[in-house]
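# Overview (structure and organization)
Now for the letters of each chain:
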Amino acid sequence: EPEVTQTPSHQVTQMGQEVILRCVPISNHLYFYWYRQILGQKVEFLVSFYNNEISEKSEIFDDQFSVERPDGSNFTLKIRSTKLEDSAMYFCASSGVYTGELFFGEGSRLTVL
Amino acid sequence: QQPVQSPQAVILREGEDAVINCSSSKALYSVHWYRQKHGEAPVFLMILLKGGEQKGHEKISASFNEKKQQSSLYLTASQLSYSGTYFCGTAPFTGTASKLTFGTGTRLQVTL
């Protein structure tokens, strides 16, 4: 069964450092997303991406965040200068056109010290 | 604005039924239900679209009251595998999940 894969599974970084989280969406999907979940809390939308551009973003997704699809398979989330409050599980998801069903990856846990 | 779920938590014995509610102050075009087991990613359960079309899988059902801006998820004859946190999500565009806003979650525990 096709799945969304994410790397790394866990990253520890110092405050102020740049972090790149990587995702490989399901190959025939066209919509890509990043969500995050602070420990024990709800899943929060960050950004959606379609046709090589951002289609929606939340208030959380400020200038320190960026997304990119550098090639035909990877989808990345960059956090330029990490803060303590960026510590969370970051989920990548993808969906087919008009289905609405999101397929989530296993997540990348980011710990900012 | 996030949808509100109730109850926040529920404990069931195997075989019992449960209802999880989701309500929104905004007009709902679609409601999505996901289940997340501890330490895992959310898994899609069902989508309900404005106009009554329903999609989903597994032996779990749901209703969508557009006028009341509410949705309910029905879990009947619960199994141990139903344990987890259930999230409803609302999206602004019918049938797509361009910006899915999740509720606070309902923690369900099924015991023997």
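The preceding data block contains the structure.
Every value quoted in this text rests on a predicted model; they were computed, and no experiment measured them.

## Some details on the sheet that holds strand β3 (residues 18-23) of chain B
Residues and elements named next belong to chain B.
- Across the sheet, 4 strands lie side by side as β1-β3-β8-β7; this open sheet has antiparallel pairing. Lying at the two open borders of the sheet, with one neighbouring strand each, are β1 (4-6) and β7 (60-65). Sheet twist, expressed as the mean angle between neighbouring strand axes with direction ignored, is 15 degrees.
- In this structure, β7 lies alongside strand β8 (residues 70-75), joined through 6 bridges in antiparallel fashion. Bridge pairing in β8 links Ala 62 to Leu 73.

## Some points on the state of the cysteines
- Considering all chains together, one arrives at 2 disulfides over all chains under this definition.
- Put simply, A:Cys23 and A:Cys92 are joined by a disulfide, and their sulfur atoms are 1.9 Å apart. Because the torsion about its S-S bond is -65 degrees, the bridge between A:Cys23 and A:Cys92 counts as left-handed. Taken together, the residues span a long stretch of sequence, with A:Cys23 in strand β3 (residues 19-24) and A:Cys92 in strand β9 (residues 88-95) at a distance of 69 residues.
- Residue B:Cys22 pairs covalently with B:Cys88 via a disulfide, S to S 2.0 Å. Taking the torsion about the sulfur-sulfur bond, which here is approximately 70 degrees, the covalent link between B:Cys22 and B:Cys88 counts as right-handed.

## A few points about the pairing of strand β7 (residues 65-68) of chain A
All names here are of chain A.
- Bridge analysis of β7 against strand β8 (residues 75-79) gives 4 bridges, and the strand direction is antiparallel. Each bridged residue has a counterpart across the sheet, and for Ser 66 the counterpart in β8 is Lys 78.
- Between β7 and β8, which follow one another and run antiparallel, lie 6 residues.

Conventions we followed
- Residues numbered from 1 in each chain as written.
- Chains lettered and ligands numbered in written order.
- Predicted model: local features only at pLDDT ≥ 70, side-chain atom pairs only at ≥ 80, totals over all residues.
- Heavy atoms only, no water.
- Pairing = 2+ DSSP bridges.
- Helix = DSSP H or I, 4+ residues; strand = E, 2+ residues; numbered from the N terminus.
- Axes fitted to C-alpha atoms, helices over the stretch in contact; angles between N-to-C directions.
- Disulfide = S-S within 2.5 Å.

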